[in-house]
Amino acid sequence: MNAASEWTFSAENVICFRRRGETRGVFTMAEENSVKNIVLYELARKWPENVHQLHERVLAKRPGITYHAVHKAVSQLTRHGVLKKDSNSYYISPDWTEGVSALLENIKNSYIYTKPAFLPGLKDFVQEGETKALIFDNLEKADDYKKRLQWEYLIATGERKPYCSMMQHLRSPIIASEKALNILTMAQQAKSEAFVLVAGNTPLDGWCADYYRNEFVKVQTDIKCAETCETAVLGDIVIQVYIPDDLQKALDAVYSRSQHVADISMPEFYSIYRRSANIKFAVMKNAEIAQQLRNQILENFKRSRIAAFDINGTLVEGFLVKRFLMYLTALGVVEDKYLEKANLLKEMESAGNIMHKKHIEKTMELYARALKGKKREEIEILADKFIAEGMHSLYELFPFATRFFFRANSYFRTLAITKTTSEIMNAFLHILPFDFAITSELEVKNGVYTGRYTRNMAGYNAKKRALKQWLEKNGERNIYIGFGNRPEDLAFLEKSSRIVIVKSEESGFWDKKKMKKVILIDPKEYSKDILDAIK
């Protein structure tokens, strides 16, 4: 049926086929032995027939029907284009049968493809094994429906199993960034974990993955998956999306030649995304299959290896202990003299009168003395405020730090090894949620700081000793990848199979042999070197 054709339902229970505003056909939907139905049935068996012949056939099925009633039915069917007249005989119009055939095909397809307003929600899948097979006429509509089901899953109350998915490419950050961000925000608010495998391994795949990654959402790219269909698991519901080969190849071509989202021709991308195609979409409620698929996906996220990070100068510009001391001084919580001495130490280092290591060790001592007699609980509250409010004013994450961390957190268990004290680091975990942290520890008695340390990570070989103890306690042998920026980070970096150094004035401490496994990165840029470091 073309765009100028439509089906309407009349009060007489007939379906009319209209073309360019003129009625061309009618098919009765009334009882089976109505006069019109008998006429159509008899003409389907033998044609052409005149009205007298048709009257005899109708009388055989409906005794008492008058000649006039049959003549009236034949005249109406002819007027509506259902029958054609040849001399005084009648036969069924080929045009009408064509129209009815198209209608029936359309009705059949309507049980497979339903307009979005009538698509089933998660709550409509009640019975175990219940399945809906849908067909969308482009990828955009299929993705919109999938997002709707994701949204329903996230807003549902009660215990929630992690959302798991296998994709060829992530698309939403490119074409529906606002919707993707809304779902991402909802996932964070619901504290709902999501684990996504992506087959693609282009820079654009990496960019899309970074868009999604956070404390609750982990994404791995370059994973062999989604070869026959894209799959998502929402509790006991399994969603499968089958993308035609020609459409998938067109998408692959866009991702392969784009280094960044800015390189994409959005009109071209939308033309592919909205291209007419049969996108098969299956939704099934099956707890056993859902659990099998979930286990299969989660198997990739065991994160058996460790990624270890220094914090100051590696992820954060500046020294957090010193910056927090500045914050406490500004609030009047500690005396000015401690910050004044810390600033003098920095000046002495800049003048070359003391080494950086000595400057840090002395600053750590000043910080401990400044907190002597203060209640730990009060300082912890201020540390939370400092981390939440102080960014860009008192301290600043390097531009790449968040994306870098969450990328690593999708592949590895993450460990912070830092001179930063525990009360500051515990607050920092709200921004970058490390799995583990080895920090400096201030001594506390009766809830009050004593002005001393139980563990000072600024001490000689302190990181090396602390890491060794941690590895032994946790049954680990070594670190897979380590991130640092200064010579004192060597203790744990040497334990790493891969080493990433954030460039600093002292990055040259590596000798040529050690440089073979070292990747140098610029703290101001999110470069391909960073992406290559985490695989």
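Everything discussed here concerns the structure shown above.
Residues numbered from 1 in each chain as written. Predicted model: local features only at pLDDT ≥ 70, side-chain atom pairs only at ≥ 80, totals over all residues. Heavy atoms only, no water.

**What to know about the side chain of Glu-230**
Stage number 1. Counting through the fold element by element, Glu-230 comes out in strand S10 (residues 230–234).
Stage number 2. Reaching out from Glu-230, the side chain makes a polar contact with the backbone nitrogen of Gln-168 at a distance of 3.1 Å.
Stage number 3. Side-chain polar atoms of Glu-230 contact the side chain of Arg-171, separated by 2.9 Å.
Stage number 4. Those residues in contact with Glu-230 that sit more than four places away from it in its chain are Met-166, Met-167, Gln-168, His-169, Arg-171, Ile-239, Gln-240, Val-241 and Ile-243. (Helix = DSSP H or I, 4+ residues; strand = E, 2+ residues; numbered from the N terminus. Polar contact = N/O pair within 3.5 Å; in protein donor to acceptor, adjacent residues only side chain to side chain. Contact = heavy atoms within 4.5 Å.)

**Examining the pattern of salt bridges**
Stage number 1. Evaluated as defined, the whole model comprises 24 salt bridges.
Stage number 2. In this structure, Glu-42 engages Arg-57 in a salt bridge whose closest nitrogen and oxygen atoms are separated by 3.4 Å. Of the two residues, Glu-42 sits in helix H1 (residues 35–45) while Arg-57 sits in helix H2 (residues 51–61), which places them 15 residues apart along the sequence.
Stage number 3. Exposure remark for Glu-42: the relative accessible area of 3% places this residue in the buried category.
Stage number 4. Between Glu-49 and Arg-57 there is a salt bridge, with its nearest N and O atoms 2.6 Å apart.
Stage number 5. We classify Arg-57 as partly exposed; its relative accessible area is 24%.
Stage number 6. Connected through shared salt-bridge partners, Glu-42, Arg-45, Glu-49 and Arg-57 make up one network. (Salt bridge = Lys/Arg side-chain N within 4 Å of Asp/Glu carboxyl O. Buried < 20%, exposed > 50% of the residue type's maximum accessible area, 1.4 Å probe, protein only.)

**Remarks on the sheet that holds strand S11 (residues 237–242)**
Stage number 1. Reading across the sheet, the 7 strands line up as S6-S12-S11-S10-S7-S8-S9 and stay open at both edges, with mixed pairing between neighbours. With partners counted over all chains shown, the strands left at the sheet margins are strand S6 (131–136) and strand S9 (217–220), one partner each. Shown here is a sheet whose adjacent strand axes are inclined to one another by a mean of 10°, direction ignored.
Stage number 2. Pairing between S10 and S11: 5 bridges, direction antiparallel. Paired with Glu-230 across the two strands is Val-241, which belongs to S11.
Stage number 3. Contacts between helix H11 (residues 287–298) and the sheet are confined to strand S7 (163–167), strand S8 (194–198), S10, S11 and strand S12 (279–285), with S7 contributing the most and set at about 70° to the helix. (Pairing = 2+ DSSP bridges. Axes fitted to C-alpha atoms, helices over the stretch in contact; angles between N-to-C directions.)

**Considering the pairing of strand S19 (residues 479–484)**
Stage number 1. With respect to burial, S19 is a largely interior element, 6 of its 6 residues being buried.
Stage number 2. Relative to S19, strand S13 (residues 306–309) runs parallel, the two sharing 3 bridges. Bridge pairing in S19 links Ala-307 to Ile-481.
Stage number 3. Judged from the 5 bridges that link them, S19 and strand S20 (residues 496–502) form a sheet pairing that is parallel. In the sheet register, Ile-481 faces S20, and the bridge partner there is Arg-498.

**A word on the nonpolar core**
Stage number 1. Counting 59 residues, the largest nonpolar core has Ile-311, Leu-315, Phe-324, Tyr-367, Phe-386, Phe-428 and Phe-434 as the members making the most contacts within it.
Stage number 2. In terms of nonpolar packing, the next biggest core, distinct from the first, is built from 46 residues, Leu-149, Ile-174, Val-219 and Phe-281 among them. (Core = buried A, V, L, I, M, F, W, Y, C linked by side-chain atoms within 4.5 Å.)

**A few points about the packing of aromatic side chains**
Stage number 1. In the structure shown here, the tally under the stated rule is 25 aromatic pairs.
Stage number 2. Plain terms: the ring middles of Phe-136 and Phe-281 are 5.4 Å apart, the flat faces sit at 70° to each other, and that makes the pair edge-to-face. With Phe-136 in strand S6 and Phe-281 in strand S12, the pair connects residues that are 145 residues apart, well separated along the chain. Of the two residues examined, Phe-136 and Phe-281, each falls in the buried class.
Stage number 3. On the basis of an interplanar angle of 75° and a centroid distance of 5.2 Å, the ring pair of Phe-405 and Phe-406 is categorised as edge-to-face.
Stage number 4. Among the residues examined, Phe-405 registers a relative accessible area of 0% and is labelled buried.
Stage number 5. According to the relative accessible area criterion, Phe-406 is buried, its value standing at 8%.
Stage number 6. Here a set of aromatic residues connected by ring pairs shows up, and it is made of Phe-309, Phe-398, Phe-400, Phe-404, Phe-405, Phe-406, Phe-434 and Phe-483. (Phe/Tyr/Trp six-rings, centres within 6.5 Å; stacked < 30°, edge-to-face > 60°.)

**Section: the environment of Ala-437**
Stage number 1. Among the structural elements, Ala-437 can be located in strand S17 (residues 436–445).
Stage number 2. A residue is classified by how much of its surface remains accessible, and Ala-437, at 36% relative accessible area, is partly exposed.
Stage number 3. Distance in space between the C-alpha atoms of Ala-437 and Thr-414 is 8.4 Å, their sequence separation being 23 residues.
Stage number 4. Dropping the residues within four chain positions of it, Ala-437 is found in contact with Leu-415, Ala-416 and Met-425.

Everything listed here is a matter of coordinates, which is why it stays silent on function.
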